[in-house]
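# Overview (structure and organization)
Now for the letters of each chain:
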Amino acid sequence: MSAAPVIRVRDLDYAYGRQPALQGVHFDIQALDFVSVIGPNGGGKSTLLKLLLGLLSPRRGTVEVCGGPPSKARLKLGYMPQRVELDPRFPVTVMDVTIMGRLGLRPTLGPYRRRDREAALAALEATGAADLCARPFSELSGGQRQKVLIARALCGDPEILLLDEPTASLDPTVQDDLYALLNRLNDTRTILMVSHDVSMVSRYVNRVLCVNRTCVEHCVTEIPRELSLLFDAREELRLVRHDHDHTDHPPAGGACHD
Amino acid sequence: MIEFLEALGRHAFLRNALLAGALASVASGVVGTYVVTRRITGIAGSLAHAVLGGMGLAIWLRTVHGWAWLTPLHGAVFAAVLGAVIIGAARARGGDREDTVISALWAVGMAVGVLFLFLTPGYKADLMTYLFGNIVMVDPETLRLLLLLDGVILLVVALFYDPLLAVCYDEEFARLRGVRTDAVFTLLLLLVALTIVTLIYVVGVVLVIALISLPVSAVGRFSRRLWQMMLLSAALSSVLTTAGLALAYAADLPAGAVTILLAALVYVLAGVAAALKRRA
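Take the overall build of chain B next. Tallying secondary structure elements over chain B gives 12 helices and zero strands in all. Along its sequence from the N terminus, chain B presents helices and strands in the succession α-α-α-α-α-α-α-α-α-α-α-α. Taken over the C-alpha trace, chain B has a radius of gyration of 19 Å; the compact-globule value for 280 residues is 19 Å, and the two agree within 12%. The dimensions of chain B, computed from C-alpha atoms along their principal axes, are 55 × 55 × 30 Å. Across the 280 residues of chain B, 49% fall into the buried class. Pairs at least 24 residues apart make up 76% of the contacts formed inside chain B by residues separated by at least 6 positions.

This brings us to unusual backbone geometry. All names here are of chain A. Here the phi dihedral of Cys 66 falls at roughly 50 degrees; this positive angle occurs in a residue that is not glycine. Take Cys 66: it is sitting in the loop between strand E4 (60-65) and strand E5 (77-80). The backbone of Glu 165 shows a phi angle near 50 degrees, a positive value even though the residue is not glycine. Turning to its location among the elements, Glu 165 is positioned in the loop between strand E6 (160-164) and helix H5 (172-185).

What follows concerns the packing of helix H3 (residues 41-64) of chain B against helix H9 (residues 181-203) of chain B. Residues and elements named next belong to chain B. The geometry of H3 relative to H9 is characterised by a closest axis approach of 9 Å and an angle of 50 degrees between their N-to-C directions. One finds that H3 runs oblique with respect to H9. Regarding H3 and H9, the two cross each other, and that crossing is right-handed. Every residue of H9 that contacts H3 at Ile 43, Ala 44, Leu 47, Ala 48 and Val 51 is listed here: Leu 189, Val 192, Ala 193, Ile 196, Val 197 and Ile 200. Residues of the contact of H3 with H9, tallied by class, amount to 11 nonpolar, no polar and no charged.

Take the packing of H9 of chain B against helix H10 (residues 205-220) of chain B next. Residues and elements named next belong to chain B. Axis separation between H9 and H10 bottoms out at 7 Å; the angle between their running directions is 120 degrees. Overall, the two elements H9 and H10 adopt an arrangement that is oblique. Between H9 and H10 the crossing geometry is right-handed. Contact with H9, carried on its side by Ile 196, Leu 199, Ile 200 and Val 203, involves Val 205, Leu 207, Val 208 and Leu 211 of H10 and no other residues of that element. Considered class by class, the residues forming the contact of H9 with H10 number eight nonpolar, no polar and no charged.

Time to look at the interface of chain A and chain B. Contact with chain A, which involves 23 residues of that partner, is made by 23 residues of chain B. A per-class count over the side of chain A that touches chain B returns 15 nonpolar, six polar and two charged.

Right, let's get into the sheet that holds strand E1 (residues 7-16) of chain A. All names here are of chain A. Pairing in this open sheet of three strands is antiparallel, and the strands run E2-E1-E4 from one edge to the other. At either end of the open sheet lies a strand with only one pairing partner, and these are strand E2 (19-29) and E4. Sheet twist, expressed as the mean angle between neighbouring strand axes with direction ignored, is 25 degrees. Taken together, the seven bridges between E1 and E2 define a ladder with antiparallel strand orientation. In the sheet register, Leu 12 faces E2, and the bridge partner there is Val 25.

The rules behind the values
- Throughout, a residue's number is its position along its own chain's written sequence, starting from 1.
- Note on labels: chains are lettered from A, ligands numbered from 1, in written order.
- Totals for whole chains, interfaces and linings use every residue, but because this is a predicted model, local features are given only for residues with pLDDT of at least 70 and side-chain atom pairs only at 80 or more, for both listing and counting.
- To qualify as a helix, a DSSP run of H or I must reach at least 4 residues; to qualify as a strand, a run of E must reach at least 2; elements of each kind are numbered from the N terminus.
- We compute the radius of gyration over the C-alpha atoms and compare it with the globule rule, which gives 2.2 Å times the number of residues raised to the power 0.38.
- Any residue whose C-beta has 12 or fewer other C-beta atoms within 10 Å is treated as exposed, any with 20 or more as buried, and any in between as partly exposed, C-beta atoms being built from the backbone.
- Contact between two residues is assigned whenever their backbone-derived C-beta positions fall within 7 Å.
- To get an axis, a line is fitted to the C-alpha atoms, and for a helix only the part in contact is used. The angle between two axes follows their N-to-C directions and goes from 0 to 180 degrees.
- The cut-offs work like this: below 35 degrees is roughly parallel, past 145 is roughly antiparallel, 65 to 115 is roughly perpendicular, and the gaps in between are oblique.
- Note: crossing handedness is left-handed where the near helix turns anticlockwise from the far helix by less than a right angle, and right-handed where it turns clockwise.
- Polar here means any residue other than Ala, Val, Leu, Ile, Met, Phe, Trp, Tyr, Cys and Pro, which are nonpolar, and Asp, Glu, Lys and Arg, which are charged; Gly is therefore polar.
- Here the rule is simple: two strands pair whenever DSSP picks up at least two bridges between them.

Spelled out as structure tokens, the structure:
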């Protein structure tokens, strides 16, 4: 691919105090990539996301988003945090939450305009949550909440979606729905998603970054048809090679290895 | 009750007190909704007590050093704004020291207040007034001040409703959408400070904290939107201050303390009602 990458990370180090969280992270993400960021808990996945958002600043190295520093590109990003961080007793409806995605695209003073409400509703329709619009956010099920938070990330019409564990603690059928939705969104948007499970993700994503202090890219290769028949798979299977040693440092550059 | 209504017709001070209670309820209902949902009752308590320091200092300067132009209200506003800015800066700089700053402000404010009132001859008895206020002593000028406060609060909330909600609900997300969250949060703290200063003048430090948290929490269990919570808590506060005044008048008790206990009772009953509703 010859176009400039939408996200460019070079020799990135980050530490909380003296505790290194990320070391020598180095990768490019191209427009319309669907990237899954996997790795163990505490491995630095969310930290990486926060660095891409400009919520944290690197100790060393550079992060570029859409050709500039992350803080300048924020309105081009749609971010979905882990929902555990939100106060369940706060009196807000689904619409109240979704329309927050329109902040920054409107004047600071005064209420949201009709344009904002229409965009929020369209985003809820895209994620299949439009009928929940007037419900209190706290009364929703886990899957419904994820859909609303994705709609919130969407309604600012971002070029890149950054999702922090969008499928955490969802049952498999709801997860399937959500991945199908993300797959559709990927037609027009770059998606970078933190996820626990490799198995589900591998069907849709075209790249996998494994973050465990260091960052290693895994190849996603399609399994030959004959082999997938052995697994009795209804859909196309993909293989994510995950054969590096987590205790070792990756080879220089952290490029695709096997 | 009829006795109270008759007295209301006879005494202007009771009518003023009733009006002061209603006006204070608008401010405490609206600002209290932010304080409760954003979980900053600690900050509100801290600012309320920091105000004592400013008042004490102003009274001392006025009495002992003859700064006749300086009223306790000036000192209170100064202390509250200073406190809000200090807490806002402590938050913006991050780290886990925010709650230490809040507690320190609380303690230091009270200590400064007590010290300067001790150094000022003839002011010892007044500390109780600042703690519990005296709603039956409200004059027309104070009522105008309350009306002005309500106007300022409603105007700011009307202009900043959406960013304020976003910052209270999900500050990180708001920042990512380009909202200047530290500025918006400091604006909220200034609103809290302004409300506390004015209400202390009318109802005292302790009742301010009660009004800002108890009715709001009570209606919070039954509100689906932030503005509903504001409306309902302002209405409930008005009922509580009126009932408190009537009860205090009938039984010849201090109005502030009676109102606080009524508010606490309603808060507990609302909790019980919500628990029963959940079980049903």
